[in-house]
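Residues per chain, in single letters:
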Amino acid sequence: FAVIYGPSGSGKSFFTADLGQAIATGQPWRGRKVNKSLVVYVASEAGASILKRFVGWRENRLGEASERVPLAVLTRGPNLINNVDVAALIEELAYLQDEAKLPLGLTIFDTLSRSMPGGDENNAEDMTEVISAADHLRDTFKSATAFVHHSGKDIDRGARGHSSLFAAADSVLRIDNHVATVDKVRDGVSGEQFPFSLLPIDLGL
């Protein structure tokens, strides 16, 4: 259960997508091995406009490779505080897993706030529902869940919302000025940093 947070425009969605695409293609990420698996990116905030980012990554990293990449982008996300929506999502993930013929490895929700419409990030009960949904996905698919999340006005005060989110997370990464810093990692050492840059990719007409 991972939380990747930062201010608007910090590149947190690009950073998270890059991580997910490495897992889907089986390519090492920052010198670390990955277990190739299905990755599902739920673009609740950006919707269909996020697709060009994935096309840009594919063109830049894979070129004209014809092999299908086990990565699905959902341009409409569920409400994770609604049990009916969560049940429907699990059915869709199971279908995608069968289609990919690979186990689901990671589901990314971008962003947390858009994944709980009508809920309150500062409300313990609503945040507990979101955490419960993430736990349900983990238990059903034996996979990881990541939330892209906003920081408050002062990034040094951490991610927005109720403290139960940080407490429940196995890993927390803070994105600021194109540097990802590990704020928390369960059974590990925090503080590691991953600088990155964003490059424009010409997709043609």
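This text goes with the structure placed above it.
In this text the structure is predicted, and so the values were computed from the model without any measurement.

Caption draft 1: Inspection of the overall build of the protein at higher detail. Scanning the protein from terminus to terminus reveals five helices and eight strands. From first element to last, N terminus to C terminus, the protein shows the α and β order β-α-β-α-β-α-β-α-β-α-β-β-β. For a compact globule of 205 residues, the expected C-alpha radius of gyration is about 17 Å, and the protein comes in at 16 Å, within 12% of that figure. Projected onto its principal axes, the C-alpha positions of the protein cover 45 × 40 × 35 Å. Looking at the 205 residues of the protein, the share that counts as buried comes to 42%. Long-range pairs, those at least 24 residues apart, make up 67% of the contacts in the protein between residues at least 6 apart in sequence. Summed over its atoms, the accessible surface of the protein is roughly 11,100 Å², and 49% of this surface lies on carbon and sulfur atoms. Within the protein, the 26 negative side-chain charges are centred at a point lying 4 Å from the centre of the 21 positive side-chain charges.

Caption draft 2: View of the packing of helix 1 (residues 12-25) against helix 2 (residues 51-61). Put simply, helix 1 and helix 2 touch, their axes get as near as 11 Å, and they point 55° apart. By the angle between their axes, helix 1 is oblique relative to helix 2. Handedness of the crossing formed by helix 1 with helix 2: right-handed. On the side of helix 1, the interface is formed by Ser-13, Phe-14, Ala-17, Asp-18, Gln-21, Ala-22 and Thr-25, while helix 2 contributes Arg-53, Phe-54, Trp-57 and Arg-61. Here the residues of the contact of helix 1 with helix 2 are counted per class, giving five nonpolar, three polar and three charged.

Caption draft 3: Up close: the pairing of strand 5 (residues 144-150). With respect to burial, strand 5 is a largely interior element, six of its seven residues being buried. As paired elements, strand 1 (residues 2-6) and strand 5 share five bridges and run parallel to each other. For Val-3, the partnering residue across the bridge sits in strand 5 and is Phe-147. The pairing of strand 4 (residues 104-110) with strand 5 spans five bridges and is parallel. Note on strand 5: the bridge partner recorded for Leu-106 is Ala-144. With helix 4 (residues 124-141) bridging strand 4 and the parallel strand 5, this β-α-β connection has right-handed handedness.

Definitions and limits used
Residues numbered from 1 in each chain as written. Predicted model: local features only at pLDDT ≥ 70, side-chain atom pairs only at ≥ 80, totals over all residues. Heavy atoms only, no water. Helix = DSSP H or I, 4+ residues; strand = E, 2+ residues; numbered from the N terminus. Rg over C-alpha atoms; globule rule 2.2 N^0.38 Å. Buried < 20%, exposed > 50% of the residue type's maximum accessible area, 1.4 Å probe, protein only. Contact = heavy atoms within 4.5 Å. Areas by Shrake-Rupley, 256 points an atom, 1.4 Å probe, with all protein chains shown as cover. Lys, Arg positive; Asp, Glu negative; His and termini not counted. Charge placed at Lys NZ, Arg CZ, Asp CG, Glu CD. Axes fitted to C-alpha atoms, helices over the stretch in contact; angles between N-to-C directions. Parallel < 35°, antiparallel > 145°, perpendicular 65-115°, else oblique. Left-handed = near helix turned anticlockwise from the far one by under 90°. Nonpolar A, V, L, I, M, F, W, Y, C, P; charged D, E, K, R; others polar. Pairing = 2+ DSSP bridges. Right-handed = clockwise from strand over helix to strand, strands pointing away.

The quantities given are spatial measurements derived from coordinates; they are silent on function.
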